[in-house]
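A closer look at the structure
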Amino acid sequence: MDSQAPLALLALTTLMLTAVVCDVRTRRIPNTLVVVGIALGLSFQVVARMGGDPSMNPVGAPGIGAALLGGLTGLTLFLPLYALRTMGAGDVKLLSMVGVWLGPEHVAWATLWALLAGGVLALFAALFTGVLRQVLANLHTMVVVFFMQAQTGGGLGVAAPAQTTGRLPYAVAIGCGTAIELALVLIHSGVPTP
C-alpha cells in the first residue's frame, strides 16, 4: 500500500471526529468543515491520479468522477430525510462529504450502517433519558398521519410531533456508519490499518 493511503484515512478520520465533536457540542456541523472535507477528498483524488497511484485513497473508486458521483450519492440518500424534516441539512452535507471520500458504492453502504447505528443510538438515548414512551407515541402518530395523508391524496410530509423528545447529534451515527464501512473495506481488501 502506498505511504499516502494512511494519510487519506487519517484525514477522513480527523474530519469525521471533528464533525462529531461539533455536532455533540453545538448540534451543528460547520459548513466550513464540510467544504474543507470535500476539497481534501477531491485533492487526494487529483494527487493520486497525477502521481499514477490510485491506492492513495484506499477506499472508493479512484478518480474525480467517482468522487463527485459519491458526493452526489451521499447528498441524494439523505435529502429525502431532510425534506421530511427528520434530519438536518448539516447531516445531509456531511454524508455528501463522506461520499467524496468513499465513492458511490461505499457511501451507500455507509448510509445503511449509519441508519442502523442511528436507530441503535436513538433507542439508547430514549432509554437513558426516560423518553421511550413519548418516542413510541410520536412514531405512532407520525405513521398514522403519513398513511392517512397517503390514502386521502394529501401531501406525503410527516408532521412534526406535538411533543419532541430531543435531537440526536446524527454526526455520531454517520461517523459510526463510515467507520464500519471503512473497516469492512480494509478487511476485505487486506489493507493493513495504520
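Residues numbered from 1 in each chain as written. Predicted model: local features only at pLDDT ≥ 70, side-chain atom pairs only at ≥ 80, totals over all residues. Heavy atoms only, no water.

1. Comments concerning the overall build of the chain
Within the chain, the regular secondary structure consists of seven helices and zero strands. Of the regular secondary structure in the chain, the N- to C-terminal order runs α-α-α-α-α-α-α. Scored against the burial criterion, the 194 residues of the chain give a buried share of 35%. In the chain, the share of contacts with a sequence separation of at least 24, taken over all contacts with a separation of at least 6, comes to 73%. Carbon together with sulfur atoms contributes 71% to the accessible area of the chain, which is approximately 10600 Å² in total. (Helix = DSSP H or I, 4+ residues; strand = E, 2+ residues; numbered from the N terminus. Buried < 20%, exposed > 50% of the residue type's maximum accessible area, 1.4 Å probe, protein only. Contact = heavy atoms within 4.5 Å. Areas by Shrake-Rupley, 256 points an atom, 1.4 Å probe, with all protein chains shown as cover.)

2. A few points about the layout of surface pockets
The calculated volume of the second largest pocket comes to roughly 260 Å³. Together, 17 residues line the second largest pocket, and Thr13, Met16, Gly175, Ala179 and Leu182 are the ones closest to its centre. Among the elements of the structure, α1 (5–26) and α7 (171–189) are those that each provide at least two residues to the lining of the second largest pocket. Per element, the largest residue contribution to the lining of the second largest pocket is nine residues, and it comes from α7. (1 Å grid on protein atoms, 1.4 Å probe; cavity = no way out; pocket = protein on both sides within 12 Å on 5 of 7 lines; lining within 4 Å. Points joined across faces, edges and corners; volume = space filled by probe spheres on them.)

3. Comments concerning the packing of aromatic side chains
Tallied over the entire structure, the rule returns three aromatic pairs. Measuring from centroid to centroid gives 5.2 Å for phenylalanine 44 and tryptophan 101, while their planes differ by 50 degrees, and the two rings are tilted. With a gap of 57 residues between them, phenylalanine 44 in helix α2 (residues 31–50) and tryptophan 101 in helix α4 (residues 89–102) connect regions that are remote in the sequence. Judged by its relative accessible area of 8%, phenylalanine 44 is buried. A relative accessible area of 1% places tryptophan 101 in the buried class. (Phe/Tyr/Trp six-rings, centres within 6.5 Å; stacked < 30°, edge-to-face > 60°.)

4. Re the confidence of the model for the chain
On average, the chain scores 82 in pLDDT, and the residues at 70 or more come to 80%. Taking the mean pLDDT of every element in the chain, the minimum, 76, falls on helix α6 (residues 132–152) and the maximum, 95, on α4. (pLDDT = per-residue confidence, 0-100.)

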